[in-house]
Amino acid sequence: MDRIKITGGAPLNGVIPISGAKNAALPLMIASLLTGDTLELRNVPRLADVNQLLRILGNHGIDHTITGKRPGQTSETGQTIRLDASSVIDTCAPYDLVSRMRASFWVIAPLIARFGEACVSMPGGCAIGTRPVDLLLFALERMGVRIEIEGGYVVARAPKGLKGAEIAFPKVTVSGTHVALMAATLADGTTVVENAAREPEIVDLAECLIKMGAKITGAGTSRIVIDGVARLHGTTHTVMPDRIETGTYAMAVAMTGGDVTLENTRPEFLQNALDVLSQVGVEVSAVNDGIRVHRNGTGLRSVDVTTDPFPGFPTDLQAQFMALMTRAEGTSRIRETIFENRFMHVQELARLGAQIRLDGDAAIVQGVERLKGAPVMATDLRASVSLVIAGLAAEGETEIHRVYHLDRGFEALEAKLGRCGARIERISA
Ligand code: UD1
């Protein structure tokens, strides 16, 4: 298994191009099941999760083509994928494919909406607490879908099609909102989603669906209204920038010091996290087509943070921020309100010398003067990149094992950091 070796202490300086967002690309690819025409997606990141989803979609009968390299492109430039679901032959998504990635469960929405039936294995994905699908099924049931659980599979049936409905989510859910949005586009009548997630990835999906002929208003607010249409058609859509990758590199620069421009991204996608970084003592400014992050000489101040649905502080940046706070002056309280058990990075950060104490749904981080390199283990996608951030600032060598977690969500991580001066290399076993 590959591992990543980092020799800490080098500041980061230069330019980091930000990739297309994994969390937007996945639902967009799944939306291709809603039409028999071709959906062309541009700026799709080259990630293990994208490849896994292509396998799952292929199993349903979707053909895909990936265009070759064009002038000026590198292996880090997003790819263009064309998806063609004109001949879906299988509405069942099997365990061995779905269990590796939670988002693949969302195929249930377009399958039931277009074909009136779906059978999807219960999902897997990152081990960050129990991640149920009850709210996704609640949304589908509201639209008239009959759901049964058989042998670890969710079997969904709606032989007469879906009906528009009022769906009031008891808690904000990104997955539930994606599923409701996709299913409602082909339902008979109007669907109103209340307490909808407001994440930019929801807006990106809605914009693509609108280009495909869907009638949607309110995406990006807590109330989304969808008027069902009889069919959707193909279109071309460019995947939005990855705000979590953006925030991760911003925190890496905050940690090491230096001056980096994050290119092809937008501050409004992560304003809350950028404001927190300013409070920490990092200079953050919007520049043409990106964000400049700059820290020279000044120390890091401790700041308390609570994760929240968008526009709050993202849970997907919690581990990275905790890594940063290990070196800040004073004590920081980091509260996680979205996922239980999303603190598995704490014991690994402690191996580098971090002082962190857990207190219910919060982690209390007492900043230390120095971290020291050590072998550590990646436990999930965002936790593993927090170890990279810590390793970049630790004295000596840090070796991160199980980096397949990183490959699920960070495109060309070593190359992007390496070009900015980080001493980081992948060791293939
Ligand atoms: C998505 C993101 C993930 C991010 C999360 C929160 C993708 C592929 N993943 O995950 O990176 O961390 O949003 O921003 O986009 N819940 C239920 N029942 C359900 C569904 C969810 O109780 O049926 C709970 C979850 O356990 C969690 C909370 O609701 O506590 C939020 O989950 P949700 O917003 O749905 O996250 P995901 O879409 O899975």
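Details of the structure are given in the entry above.
Residues numbered from 1 in each chain as written. Predicted model: local features only at pLDDT ≥ 70, side-chain atom pairs only at ≥ 80, totals over all residues. Heavy atoms only, no water.

S.K.: Even after reading the chapter, I still don't get the overall build of the protein, so can you show me in this structure?
M.R.: On a plain count of helices and strands, the protein comes out with 14 helices and 24 strands. At 21 Å, the protein has a C-alpha radius of gyration in line with the 22 Å of a compact globule built from 429 residues. By principal-axis analysis of the C-alpha atoms, the protein measures approximately 65 × 50 × 40 Å. Per-residue burial over the protein gives 56% buried out of 429 residues. Summing over all exposed atoms, the protein offers an accessible surface of approximately 16300 Å²; the carbon and sulfur share of this is 47%. Positive and negative side-chain charges of the protein, numbering 44 and 48 respectively, have mean locations separated by a distance of 1 Å. (Helix = DSSP H or I, 4+ residues; strand = E, 2+ residues; numbered from the N terminus. Rg over C-alpha atoms; globule rule 2.2 N^0.38 Å. Buried < 20%, exposed > 50% of the residue type's maximum accessible area, 1.4 Å probe, protein only. Areas by Shrake-Rupley, 256 points an atom, 1.4 Å probe, with all protein chains shown as cover. Lys, Arg positive; Asp, Glu negative; His and termini not counted. Charge placed at Lys NZ, Arg CZ, Asp CG, Glu CD.)

S.K.: Looking at this structure, I do not really get helix α5 (residues 134-142). What am I missing?
M.R.: For an α-helix, 3.6 residues make a turn, and residues three or four places apart therefore share a direction. If you check which residues of α5 are buried, you get L135, L136, L137, A139 and L140. Packing partners of the buried residues in α5 comprise α4 (108-115), β8 (146-150), β9 (153-157), β10 (166-168) and α6 (174-185). Backbone geometry just after α5 places G144 at a positive phi near 95 degrees. (Contact = heavy atoms within 4.5 Å.)

S.K.: Sorry if this is basic, but what is going on with the site of the ligand here?
M.R.: What surrounds the ligand is a group of 20 residues, the closest being D134, L135, S175, D316 and I338. Between the ligand and S175 there is a distance of 2.5 Å, counted from an oxygen atom to a side-chain nitrogen or oxygen. Protein contact buries 90% of the 740 Å² of open area that the ligand shows by itself. When contributions to the shell around the ligand are tallied by element, the ones reaching two or more residues are α5 and α6. Examining the composition of the shell around the ligand, we find that three residues originate from one element, α5, more than from any other. When grouped by side-chain class, the residues that make up the shell around the ligand number nine nonpolar, five polar and six charged. (Near = heavy atom within 4 Å. Polar contact = N/O pair within 3.5 Å; in protein donor to acceptor, adjacent residues only side chain to side chain. Nonpolar A, V, L, I, M, F, W, Y, C, P; charged D, E, K, R; others polar.)

S.K.: Sorry if this is basic, but what is going on with the sheet that holds strand β22 (residues 375-377) here?
M.R.: Whenever strands of a sheet pair, they do so through backbone hydrogen bonds, lying parallel or antiparallel. Reading across from one edge, β22-β23-β1-β24 is the order of the four strands in this open sheet, with mixed pairing throughout. The strands lining the two open edges of the sheet, one partner per strand, are β22 and β24 (423-427). For this sheet the average axis-to-axis angle between neighbouring strands, irrespective of direction, equals 20 degrees. Here five bridges tie strand β1 (residues 3-7) to β24, and the two strands are oriented antiparallel to one another. By the bridge assignment, I4 is partnered in β24 with R426. Along the sheet, helix α12 (residues 381-393) contacts β1, β22, β23 (397-401) and β24; its crossing angle with β23, the most-contacted strand, is approximately 170 degrees. (Pairing = 2+ DSSP bridges. Axes fitted to C-alpha atoms, helices over the stretch in contact; angles between N-to-C directions.)

S.K.: What is the right way to read helix α9 (residues 271-280) from this model?
M.R.: Along α9, the residues that are buried comprise A273, L274, V276, L277 and V280. Taken down its axis, α9 places every buried residue within 155 degrees of arc, on the same side. Buried residues along α9 sit in contact with α8 (243-256), β16 (283-287), β17 (290-295), β18 (305-306) and α10 (318-325). Among the residues trailing α9, G281 stands out with phi positive, at a value near 115 degrees. (Arc of directions from axis to C-beta.)

S.K.: Sorry, what's going on with the packing of helix α1 (residues 22-31) against helix α7 (residues 200-211) here?
M.R.: Two measures define how a pair of helices packs: the angle their axes make with one another and the distance between the axes. One can describe the packing of α1 onto α7 by two numbers: an axis separation of 9 Å at closest approach and a directional angle of 30 degrees. Judged on the interaxial angle alone, α7 and α1 are roughly parallel. The hand of the α1/α7 crossing is right-handed. Side by side, α1 and α7 meet where N23, A24, P27, L28 and A31 of the first sit next to E201, D204, L205, C208 and L209 of the second. Across the contact of α1 with α7, the residue classes break down as seven nonpolar, one polar and two charged. (Parallel < 35°, antiparallel > 145°, perpendicular 65-115°, else oblique. Left-handed = near helix turned anticlockwise from the far one by under 90°.)

S.K.: Is there a simple way to think about the pattern of salt bridges in this case?
M.R.: Side-chain pairs of opposite charge can arise where the charged atoms are in close proximity. Tallied over the entire structure, the rule returns 23 salt bridges. Across the pair R231 and D37 runs a salt bridge, and its minimum N-O distance is 3.6 Å. You can see R231 sitting in the loop between β13 (223-227) and β14 (235-238) and its partner D37 sitting in the loop between α1 and β3 (38-44), a full 194 residues away along the chain. Judged by relative accessible area, R231 falls into the exposed class, the value being 52%. Salt-bridge contacts for D316 lead to R342; the nearest nitrogen and oxygen are separated by 2.9 Å. In this pair, D316 is assigned in the loop between β18 and α10 and R342 in the loop between β19 (331-335) and α11 (345-351), connecting sequence segments 26 residues apart. Judged by its relative accessible area of 14%, D316 falls in the buried class. In the salt-bridge network here, residues are joined through shared partners; they are D2, D407, E414 and R426. (Salt bridge = Lys/Arg side-chain N within 4 Å of Asp/Glu carboxyl O.)

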